[in-house]
Amino acid sequence: MRTVELLCSPGLEVAVRAVWGRLVAAGLPSLARNIHPTNRPHLTLAAVDDFPAGVERRLTELFDAALPLPVTLDRVVVLDGSAPLVWLVRPDPALTALHAAVWDVLARADGHRPWHAPDVWVPHLSLALRFRDADLRLARAVAGGQRPTGAFDAARSYDGTDRTVTALTR
């Protein structure tokens, strides 16, 4: 599987990682426990089985033209279904347009993950996986009710087969 992800500006990444750390300190699940070197806060725009020829170049051109993109985080919630604890991203018109453009570039790719499709996508930054609804109140208290701002300033692709990343910005 190959993903297309936006990466947080340094200040925004620090804010998200701080919440990851506070979740651990509170005894809650957290992505801070994932020590793989590719683990960092990101917004997934799409995931497919593999990239058709030429897609990486087209995505890089798209992101080089569109980034940096201002972002504001919203509230902390548990998403239905897979139960990750996430920080919602306020979807402004520029982010929505960039997301649609990524899907256009990936139109010929096989194995689109449907939860990233433009009509159902919920933009978010993950804080923890397999989170229990019963712990949501504590998680919100730990997050502190803040609404950090920053930017998405780079893009990458994660290859789930070999667990490596490829930069999609110059």
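Further up the page is the structure itself.
Residues numbered from 1 in each chain as written. Predicted model: local features only at pLDDT ≥ 70, side-chain atom pairs only at ≥ 80, totals over all residues. Heavy atoms only, no water.

Here's the deal with the environment of Val-19
Next up, step 1: With respect to the helices and strands, the residue Val-19 is situated in helix α1 (residues 10–25).
Next up, step 2: What makes Val-19 buried here is its relative accessible area of 1%.
Next up, step 3: For the pair Val-19 and Leu-31, spaced twelve residues apart in sequence, the C-alpha separation works out to 9.7 Å. (Helix = DSSP H or I, 4+ residues; strand = E, 2+ residues; numbered from the N terminus. Buried < 20%, exposed > 50% of the residue type's maximum accessible area, 1.4 Å probe, protein only.)

With respect to unusual backbone geometry
Next up, step 1: The omega torsion of the bond from Leu-67 to Pro-68 falls at 5°, within 30 degrees of zero and hence cis.
Next up, step 2: Within the element layout of this structure, Pro-68 appears in the loop between α2 (55–66) and β3 (69–78).
Next up, step 3: One non-glycine residue with positive phi stands out, namely Arg-130, at about 50°.
Next up, step 4: Along the chain, Arg-130 falls in the loop between β5 (124–128) and α4 (136–143).
Next up, step 5: Residues other than glycine seldom take positive phi values, yet Arg-163 does so here, at roughly 55°.
Next up, step 6: The topology assignment puts Arg-163 in the loop between β6 (149–159) and β7 (164–167).
Next up, step 7: Since its relative accessible area comes to 41%, Arg-163 is described here as partly exposed.

In short, the description is geometric, and any link to function would need to be established separately.
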